[in-house]
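Chain by chain, the residues run as shown.
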Amino acid sequence: MKITIRGVRGSIPTSGPETNYYGGNTSCVEVSEEGWILVLDGGSGMRHANMQHKPANSRVDILLTHLHLDHIQGLGFFKHLFDPSMQVHIWGPASHTKSLHSRLIRYLSPPLFPVHIRDLPCQLHLHEVDNSIFDIGPFTIQSGFIIHLGPTLGFRISGRQSTFTYIPDHEPALGMRGILQDKKWISGIDLAEAADLLLHDAQYSQSEYKDKIGWGHSSMDDAFLFASIAGVKHLLLTHHDPSHTDDQLNEIFCATKNRRDYSFIHGLAMEGMEINLP
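Cut-offs applied
- Residues numbered from 1 in each chain as written.
- Predicted model: local features only at pLDDT ≥ 70, side-chain atom pairs only at ≥ 80, totals over all residues.
- Heavy atoms only, no water.
- Pairing = 2+ DSSP bridges.
- Helix = DSSP H or I, 4+ residues; strand = E, 2+ residues; numbered from the N terminus.
- Axes fitted to C-alpha atoms, helices over the stretch in contact; angles between N-to-C directions.
- Contact = heavy atoms within 4.5 Å.
- Phe/Tyr/Trp six-rings, centres within 6.5 Å; stacked < 30°, edge-to-face > 60°.
- Buried < 20%, exposed > 50% of the residue type's maximum accessible area, 1.4 Å probe, protein only.
- Lys NZ or Arg CZ within 6 Å of the ring centre and 35° of its normal.
- Lys, Arg positive; Asp, Glu negative; His and termini not counted.
- Salt bridge = Lys/Arg side-chain N within 4 Å of Asp/Glu carboxyl O.
- Polar contact = N/O pair within 3.5 Å; in protein donor to acceptor, adjacent residues only side chain to side chain.
- Core = buried A, V, L, I, M, F, W, Y, C linked by side-chain atoms within 4.5 Å.
- Expected span 1.5 Å × (residues − 1).
- Arc of directions from axis to C-beta.
- Parallel < 35°, antiparallel > 145°, perpendicular 65-115°, else oblique.
- Left-handed = near helix turned anticlockwise from the far one by under 90°.
- Nonpolar A, V, L, I, M, F, W, Y, C, P; charged D, E, K, R; others polar.

Enquirer: Tell me about the sheet that holds strand 7 (residues 132-136), and please be specific about residues and values.
Expert: Reading across the sheet, the seven strands line up as 7-8-9-10-11-12-13 and stay open at both edges, with mixed pairing between neighbours. Either end of the sheet is taken by a strand with one partner, and the two such strands are strand 7 and strand 13 (265-268). Strand-to-strand, the axes of this sheet are offset by a mean angle of 15 degrees, without reference to chain direction. Sitting on the sheet, helix 4 (residues 220-230) touches strand 10 (163-167), strand 11 (197-201), strand 12 (234-238) and strand 13, and the angle it makes with strand 12 is about 155 degrees. Lying on the sheet, helix 5 (residues 246-257) is in contact with strand 12 and strand 13; it crosses strand 13 at an angle near 155 degrees.

Written as structure tokens, this is what we have:
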């Protein structure tokens, strides 16, 4: 399983020399195995996802964790949506109020976007998922609702030999006492359990989170604790705050990891990073 990170920033894209190292595009990750391609989220980083080569099976699957703008703003710039020979499957969170189609057309239609979703020339298929298990090619995918504002999913993607968990927007510490020690009460823990790689929200420093409780995001400390309880093998922190420069991210990360020892591999997600899981 090959994982390519296309966007790591939260809330809004950033640009400039102070964010060049980790990257300024919003959430998007490309996963491939045996010629099948998954694109996780459609942030501004999606513009760089699988743009050079057409998949051999003429199909690509887009898995949306939720429909906040920083996770869908790249959809309209995804090349394969404009290719009549391509099957494009979009999987997104179910809602009790409106269909996935009706929510997507709020963005993919004038005046916010010049092209109507109904006019896209690809073979478009929309799928609503909740606490589900489904297969796409060699992948078995478990989706589950997690703590974030609005219907939001995390994804556990299992290939032939490896498991990758993607939870870019998440606040498992929301409550009276932070993250609980009893696993059955922790949001998203079943998705991350013993994963080979976990890509998880870590937007705030420990001190910043105190003023952002309820905003739907994690501190780096809570992301580390969540990964530790889940028993993951490798943690990458993502959804970097747009106000944090590369230097600030390094400072927060170093301070966080020095507070206690962790047995798993850990680091900050960087745009363009490639990880090959066995």
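Enquirer: Any chance you could break down the packing of aromatic side chains for me, citing the residues and the numbers?
Expert: Applying the stated criterion across every chain, the model contains nine aromatic pairs. Here the aromatic rings of Y21 and Y22 are separated by 4.8 Å at their centres, their planes lie at 90 degrees, and the arrangement is edge-to-face. Classification of Y22 as buried rests on a relative accessible area of 8%. Counting every residue linked through ring pairs, the aromatic cluster contains F224, F253, Y262 and F264. Over the ring of W215 we find K212; its NZ or CZ atom is 5.3 Å from the centre of that ring.

Enquirer: Before we move on, can you summarise the side chain of R156 with the specific residues and values?
Expert: Its location among the elements puts R156 in strand 9 (residues 153-158). Salt bridges are absent for the buried R156, whose nearest opposite-charge side chain, E193, sits at 7.1 Å. Engagement of the side chain of R156 in a polar contact is seen with the backbone oxygen of L191, the distance being 2.9 Å. A distance of 2.8 Å separates the side chain of R156 from the backbone oxygen of E193, its partner in a polar contact. Beyond its immediate chain neighbours, meaning those up to four positions away, R156 contacts T140, I141, Q142, T163, F164, T165, D190, L191, A192, E193 and A195.

Enquirer: Describe the nonpolar core, listing the residues and the values that go with them.
Expert: Counting 31 residues, the largest nonpolar core has L198, M220, F226, V232 and L237 as its most contacted members. Elements that contribute at least two residues to this core include exactly helix 2 (189-192), helix 4, strand 12 and helix 5. Residue contributions to this core peak at eight residues, all from helix 4. With residues up to four places along the chain from it excluded, the contact list for F226 reads I167, H170, P172, I179, I186, S187, G188, I189, A192, L198 and H200. Residues I141, Y166, L236 and M273 belong to the second largest nonpolar core, which totals 27 residues.

Enquirer: Lay out the pairing of strand 4 (residues 59-63) in plain terms, naming residues and giving numbers.
Expert: Counting buried residues along strand 4, five of its five residues qualify, which places the element largely inside the surrounding structure. Sheet analysis places strand 3 (residues 36-40) next to strand 4, joined by three bridges and oriented parallel. Opposite V39, over in strand 4, you have I62 as the bridge partner. Relative to strand 5 (residues 87-93), strand 4 is paired through five bridges, and the arrangement is parallel. Its bridge partner lying in strand 5, R59 is registered against Q87.

Enquirer: Outline the sheet that holds strand 4, listing residues and values.
Expert: On the basis of which strands lie adjacent, the open sheet formed by seven strands has the order 6-5-4-3-2-1-14 and mixed pairing. In the strand order of this sheet, the two ends are held by strand 6 (123-129) and strand 14 (274-276), each with one partner. When strand polarity is set aside, the average angle formed by the axes of neighbouring strands in this sheet is 20 degrees. Examined bridge by bridge, strand 1 (residues 2-7) and strand 14 share three bridges and lie antiparallel to one another. Bridge assignment links T4 to a residue of strand 14, and that residue is E274.

Enquirer: Describe helix 5, and please don't skip the residues or the numbers.
Expert: With twelve residues, helix 5 extends 17 Å from end C-alpha to end C-alpha; this agrees with the ideal 16 Å at 1.5 Å per step. Residues D246, L249, I252, F253 and T256 constitute the buried set of helix 5. Projected down its long axis, helix 5 shows its buried positions confined to an angular sector of 130 degrees, all on one face. Within helix 5, the exposed residues directed more than 90 degrees away from the buried face are D247 and E251.

Enquirer: Which residues make up the packing of helix 4 against helix 5, and what are the values?
Expert: Two numbers describe how helix 4 lies on helix 5: the axes approach to 9 Å, and their chain directions differ by 50 degrees. Looking at the two axes, helix 4 sits oblique to helix 5. Crossing hand, helix 4 versus helix 5: right-handed. Along its contact with helix 4, which presents M220, D221 and F224, the element helix 5 presents L249, I252, F253, T256 and K257. The class makeup of the residues in the contact of helix 4 with helix 5 is five nonpolar, one polar and two charged.

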